[in-house]
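Survey of secondary and tertiary structure
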Amino acid sequence: MINTTLCYIEKQNQYLMLHRTKKKNDLNEGKWIGVGGKFEPDETPEECLLREVKEETGLTLQEYKLRAVVTFISDCWPSEYMYLFTAAEYTGTLTECNEGTLKWIDKDKVLDLPIWEGDRIFLKEMMESDRFFTLKVVYQGERLVESVLQEY
């Protein structure tokens, strides 16, 4: 299993979204997602989160919250545990990202963007509840074939 982080940085009822358009062989190509990435050896979820956010945005998170653990199962890509965070306090200046275009998007418009179906499930859950949850999503190609949501 691959371990990753994903963060939705919040500002004035908006999320900072990354339109994935620049990275070669990107399984997220053309999709809008939060910022994050794969763990490096011996990293904790928090260490990976802080490093990836800084690398992709130039921002340093001051406060963040673990919202969920999402399990991705796919017939095309390696299975993955993703630690899903939100953050509203940060310092620094937004920089250009080498993986795509960063843009602040109104939360009520995020679900209208080209996003993964599984992302639609966890984004909706994050917007409607503050409770921690787990989500399992199973894909065949780009098609979501199963999802199991558990709130705590």
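Located above this text is the structure these notes cover.
An account of the accompanying structure is given in this report. Just so we're clear, the structure is a prediction, and the values are computed from it rather than from any experiment.

Quick look at the state of the cysteines now. In total, this model carries zero disulfides according to the counting rule given. Summary of cysteine pairing: C97 is not part of a disulfide, and the nearest cysteine sulfur, belonging to C7, is at 13 Å. A relative accessible area of 2% places C97 in the buried class.

Here we take up the pattern of salt bridges. Taken as a whole, this structure holds 11 salt bridges when the rule is applied. Note that R120 is salt-bridged to E117, the shortest N-O span being 3.5 Å. Residue R120 and its partner E117 are both found in helix 3 (residues 117-128); the two are separated by three residues, about one turn of the helix.

What follows covers a nonpolar patch on the surface. Judged by side-chain polarity, L66, F132 and Y152 come together as a nonpolar surface patch covering roughly 280 Å² of accessible area. Its place among the elements puts Y152 in the segment after strand 9 (143-151). The class of Y152 is exposed, set by a relative accessible area of 55%.

Counting residues in hydrophobic clusters, the biggest one holds 23 residues, and the most contacted among them are Y8, M17, V70, L84, F122 and L123. Elements with a minimum of two residues in this core: strand 1 (2-11), strand 2 (14-20), strand 3 (32-33), strand 5 (60-74), strand 6 (80-91), helix 3 and strand 8 (133-140). Counting residues per element, this core draws most heavily on strand 8, at four residues. Those residues in contact with L123 that lie beyond four places of it in its chain are Y8, Y15, V110, L111 and I115. Counting 14 residues, the second-largest nonpolar core is a separate cluster that includes V53, F85, A87 and W104.

With that settled, the discussion passes to unusual backbone geometry. Across the chain, the bulk of peptide bonds are trans and the bulk of non-glycine residues have phi less than zero. Its identity as a non-glycine residue notwithstanding, Q12 has a phi of 45°, on the positive side. By relative accessible area, Q12 is classed as exposed at 71%. Even without being glycine, D42 reaches a positive phi, approximately 70°. For D42, the location among the structural elements is in the loop between strand 4 (35-38) and helix 1 (45-57).

Turning our attention to the packing of aromatic side chains. As enumerated under the stated definition, the model contains eight aromatic pairs in all. Note that K31 overlies the ring of W116, its terminal NZ or CZ placed 4.6 Å from the centroid. Taking the ring centre of Y15 as reference, the NZ or CZ of K107 above it sits at 4.8 Å.

What counts, and where the lines are drawn
- Residues numbered from 1 in each chain as written.
- Predicted model: local features only at pLDDT ≥ 70, side-chain atom pairs only at ≥ 80, totals over all residues.
- Heavy atoms only, no water.
- Disulfide = S-S within 2.5 Å.
- Buried < 20%, exposed > 50% of the residue type's maximum accessible area, 1.4 Å probe, protein only.
- Salt bridge = Lys/Arg side-chain N within 4 Å of Asp/Glu carboxyl O.
- Helix = DSSP H or I, 4+ residues; strand = E, 2+ residues; numbered from the N terminus.
- Patch = residues over 30% accessible without salt bridge, like charges linked within 9 Å, V, L, I, M, F, W, Y side chains within 5 Å.
- Areas by Shrake-Rupley, 256 points an atom, 1.4 Å probe, with all protein chains shown as cover.
- Core = buried A, V, L, I, M, F, W, Y, C linked by side-chain atoms within 4.5 Å.
- Contact = heavy atoms within 4.5 Å.
- Phe/Tyr/Trp six-rings, centres within 6.5 Å; stacked < 30°, edge-to-face > 60°.
- Lys NZ or Arg CZ within 6 Å of the ring centre and 35° of its normal.

As far as function goes, none of this settles anything; it's purely spatial.
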